Amino acid sequence: QVQLVESGGGLVQPGGSLRLSCAASGSIGSIDTMGWYRQAPGKERELVAAITSGGSTNYASSVRGRFTISRDNTKNTVYLQMNSLKPEDTAVYYCNARVRVKYGSYYSTYWGQGTPVTVSS
């Protein structure tokens with residue numbers, strides 16, 4: 001069993017910064033790609049950023065240059081540093097990870113419960 005727990009969300013002013021964390025725990029064998037998604041009211045969930053186990057990254061065009069995704073494999077944790085935040089960044093942010101459980105032979109996708117981010121003055 002695997003659990004992803006996000007933290008770091010909250011209320012910030014436009015132009016401000018926020019750092020999200022997501023820690024995976026449980027019967028983990030290995031973790032492949034990890035990522036952050038977000039969903040605003042009335043909109044589909046969208047990919048914000050992703051990072052492979054080797055450190056390769058991918059960003060949505062709307063956040064490129066402002067957000068940075070990173071991970072600490074020793075802690076099974078992925079981070080999202082968000083700078084120059086805009087009101088349109090307001091959404092619930094979800095952590096995602098492809099995880100192989102201990103003694104398993106395949107990867108499954110897991111999701112965190114989400115952490116809300118509100119950008120407003």
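Described in the following lines is the structure provided in the data block. This one's a predicted model, so the numbers in the text were calculated from it and none came from an experiment. (Residues numbered from 1 in each chain as written. Predicted model: local features only at pLDDT ≥ 70, side-chain atom pairs only at ≥ 80, totals over all residues. Heavy atoms only, no water.)

**Digging into the sheet that holds strand 3 (residues 18-26)**
By definition, the strands of a sheet pair up through backbone hydrogen bonds, in either a parallel or an antiparallel sense. The strand order 1-3-8-7 describes an open sheet built from four strands, whose pairing is antiparallel. In the strand order of this sheet, the two ends are held by strand 1 (2-7) and strand 7 (67-72), each with one partner. If you compare each strand with its neighbour and ignore which way they point, the axes differ by 15° on average. (Pairing = 2+ DSSP bridges. Helix = DSSP H or I, 4+ residues; strand = E, 2+ residues; numbered from the N terminus. Axes fitted to C-alpha atoms, helices over the stretch in contact; angles between N-to-C directions.)

**Re the pairing of strand 11 (residues 115-119)**
Of the two faces of strand 11, only the one carrying Thr115, Val117 and Val119 is buried; Pro116 and Thr118 on the other face are not. Relative to strand 11, strand 2 (residues 10-12) runs parallel, the two being bridged by three bridges. Across the sheet, Leu11 pairs through a bridge with Thr118, a residue of strand 11. Pairing of strand 9 (residues 91-101) with strand 11 involves three bridges; the strand directions are antiparallel. (Buried < 20%, exposed > 50% of the residue type's maximum accessible area, 1.4 Å probe, protein only.)

Any functional reading would require information beyond the geometric quantities listed.
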